[in-house]
Amino acid sequence: AYKVTLKNETGQDIVSVSVKSSSEENYPDSFLKEADIYKKDETRVLYYKPSEEAAKETATESGKALPVEYTIQLTLADKTIVELHAFPFDDMEKGEIKIQDGVTYLTYEKDGAEVSTLDAELATKAQKEQDEKAKAEAEAAAQAEAAAAQEQTNQSTYTESSDWGSQTYTEPTPAPAPTP
């Protein structure tokens, strides 16, 4: 089990705290009960004992085992949900939870030196934004391809009748201009 003393320096009350491991997809229920609020500037002790499943290392395709990482999700009083990634349970006994420029991070002391996770959290945020942008671009490209394919299959058909009989004409729709 892990024991960490944390001071809430987020500038807001925290109404929910949940921890998940890298092997879990979803966050479990909050450690805080509904009426239990982690007040601004309050110091609390966080006790966390991961389940056996949560504590398992994750194997990669090459068979290498990845160490377990923990992410803490906090819900602030204004309903903003923030995360602390790669929470350093093994390196930290006492620390502060802070927010700067919309990024939540930790400060703590390790081997007599002040440690901040701000740079790591900024890198995680940038990577997440880049991944979301790439996903959105891929979805937009797939939709454009589907629309182009649909457009190519759409054709105008009409029938013309006269004294000599009727004829049906199919007029192809011009192909869309290639995208750069």
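What you see is a predicted model, and the numbers here were worked out from it, not measured in a lab.

Of the regular secondary structure elements, the protein holds 2 helices and 12 strands. Taking all 180 residues of the protein together, the buried fraction comes to 24%. When contacts within the protein are restricted to residue pairs at least 6 apart in sequence, long-range pairs at least 24 apart make up 46% of them. About 12,700 Å² of surface is accessible on the protein, with carbon and sulfur atoms providing 48% of the total.

Here a ring pair, both rings aromatic, is described through the centre-centre distance and the interplanar angle of the planes. Taken as a whole, this structure holds 7 aromatic pairs when the rule is applied. A ring pair is formed by Tyr48 and Phe89, whose centres lie 5.5 Å apart and whose planes are at 15°; its orientation type is stacked. With Tyr48 in strand β3 (residues 43-48) and Phe89 in the loop between β7 (81-84) and β8 (94-100), this residue pair connects regions lying 41 residues apart in the sequence. Relative to Phe89, the ring of Phe87 has its centre 4.6 Å away and its plane inclined at 55°; by these criteria the two rings are tilted. Side by side, Phe87 and Phe89 carry an identical accessibility label, which is buried. Aromatic rings pair up to connect Tyr2, Phe31, Tyr48, Tyr70, Phe87 and Phe89 into one cluster.

The next thing to look at is the pattern of salt bridges. Enumeration over the complete set of coordinates arrives at 6 salt bridges. Its salt-bridge partner being Asp13, residue Lys39 comes within 3.8 Å of it at the nearest N-O pair. Placement of Lys39 in the loop between β2 (14-21) and β3 and of Asp13 in the loop between β1 (2-9) and β2 is noted, with a sequence separation of 26 residues between them. The exposure class assigned to Lys39 is partly exposed, which follows from its relative accessible area of 43%. Between Asp91 and Lys110 there is a salt bridge; the shortest N-O distance is 3.5 Å. Here Lys110 lies in strand β9 (residues 103-110) and Asp91 lies in the loop between β7 and β8, a separation of 19 residues in the sequence. The exposure class assigned to Asp91 is partly exposed, which follows from its relative accessible area of 36%. Connected through salt bridges with shared partners, the residues Lys7, Glu9 and Lys98 form a single ionic network.

As a further point, take the nonpolar core. Among the nonpolar cores identified, the biggest contains 22 residues, and Leu6, Ile72, Leu74, Phe87, Phe89, Ile97 and Leu106 are the most heavily contacted of them. Where this core is concerned, the elements lending two or more residues are β1, β2, β3, β6 (70-76), β7 and β9. Considering every element that reaches this core, the biggest residue donor is β6, with 4 residues. Not counting chain neighbours up to four residues away, the residues in contact with Leu74 comprise Ile14, Ser16, Val17, Thr80, Ile81, Val82, Leu84, Ile97 and Thr104.

Okay, the sheet that holds β7 next. If you trace the 3 strands from one edge of the open sheet to the other, you get β2-β6-β7, paired in antiparallel fashion. The two strands at the open ends of the sheet, each matched to only one other strand, are β2 and β7. Direction aside, the axes of adjacent strands within the sheet are offset by 20° on average. Pairing of β2 with β6 involves 7 bridges; the strand directions are antiparallel. By the bridge assignment, Ser16 is partnered in β6 with Thr75.

Turning our eyes to something else, we now look at the pairing of strand β10 (residues 113-116). Regular strands place their side chains on alternate faces of the sheet. Summarising the sheet, β9 and β10 pair through 4 bridges and their orientation is antiparallel. When the bridges of β10 are listed, Lys110 appears paired with Ala113. The turn joining β9 and β10, which pair antiparallel and follow one another in sequence, is formed by 2 residues; a positive phi near 50° is taken by Asp111.

Parameters at a glance
- Residues numbered from 1 in each chain as written.
- Predicted model: local features only at pLDDT ≥ 70, side-chain atom pairs only at ≥ 80, totals over all residues.
- Heavy atoms only, no water.
- Helix = DSSP H or I, 4+ residues; strand = E, 2+ residues; numbered from the N terminus.
- Buried < 20%, exposed > 50% of the residue type's maximum accessible area, 1.4 Å probe, protein only.
- Contact = heavy atoms within 4.5 Å.
- Areas by Shrake-Rupley, 256 points an atom, 1.4 Å probe, with all protein chains shown as cover.
- Phe/Tyr/Trp six-rings, centres within 6.5 Å; stacked < 30°, edge-to-face > 60°.
- Salt bridge = Lys/Arg side-chain N within 4 Å of Asp/Glu carboxyl O.
- Core = buried A, V, L, I, M, F, W, Y, C linked by side-chain atoms within 4.5 Å.
- Pairing = 2+ DSSP bridges.
- Axes fitted to C-alpha atoms, helices over the stretch in contact; angles between N-to-C directions.

Geometric values such as these leave the question of function open.
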